[in-house]
Amino acid sequence: MKKKLDIKEGQKVKIEHKRGNLIIIVDGVALKSGMHGDYLEVKNENSGKIVKGWVKNNEKITIFR
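In this report, the structure presented in the accompanying data block is examined. All figures in this text were calculated on a predicted structure; none of them were measured in a lab.

What counts, and where the lines are drawn
- Residues numbered from 1 in each chain as written.
- Predicted model: local features only at pLDDT ≥ 70, side-chain atom pairs only at ≥ 80, totals over all residues.
- Heavy atoms only, no water.
- Buried < 20%, exposed > 50% of the residue type's maximum accessible area, 1.4 Å probe, protein only.
- Helix = DSSP H or I, 4+ residues; strand = E, 2+ residues; numbered from the N terminus.
- Pairing = 2+ DSSP bridges.
- Salt bridge = Lys/Arg side-chain N within 4 Å of Asp/Glu carboxyl O.

## Quick look at the pairing of strand S5 (residues 60-63)
Thinking step 1. The alternating pattern of S5 places Lys60 and Thr62 on one face and Ile61 and Ile63 on the opposite face, and all of these are buried.
Thinking step 2. One ladder, built from four bridges, connects strand S1 (residues 12-19) with S5; its direction is parallel. Each bridged residue has a counterpart across the sheet, and for histidine 17 the counterpart in S5 is isoleucine 63.
Thinking step 3. Direction of pairing for strand S4 (residues 50-55) relative to S5: antiparallel, over a ladder of two bridges. The partner of tryptophan 54 across the bridge, within S5, is threonine 62.
Thinking step 4. Hairpin connection, S4 to S5: the antiparallel pair is bridged by four residues.

Right, here's the structure in full:
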């Protein structure tokens, strides 16, 4: 039985970063596939930097620093 992936490699995603009351959301591209709760690497489309975060849903990754 195959598992349903929430995020697929190469998919455009939103990268969400929360700090206190501030929420920053930027565009990114998933570098790996994963399901809700998985820890994935994504590339920030603006800066080109690679960040790691948790899959929140089928279009959003949440990061913490």
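After presenting the structure, the write-up continues.
## Quick look at the pattern of salt bridges
Thinking step 1. Taken as a whole, this structure holds five salt bridges when the rule is applied.
Thinking step 2. A salt bridge links lysine 56 to glutamate 16, with the nearest nitrogen and oxygen atoms 3.0 Å apart. In this pair, lysine 56 sits in the loop between S4 and S5 while glutamate 16 sits in strand S1, placing the two residues 40 residues apart along the sequence.
Thinking step 3. Between lysine 52 and glutamate 41 there is a salt bridge, with the nearest N and O atoms lying 4.0 Å from each other. With lysine 52 in strand S4 and glutamate 41 in strand S3 (residues 39-44), this residue pair connects regions lying eleven residues apart in the sequence.
Thinking step 4. On the basis of relative accessible area, lysine 52 is assigned to the partly exposed category, the value being 45%.
Thinking step 5. Judged by its relative accessible area of 31%, glutamate 41 falls in the partly exposed class.
Thinking step 6. One continuous salt-bridge network, built from bridges that share partners, spans Glu16, Lys56 and Lys60.

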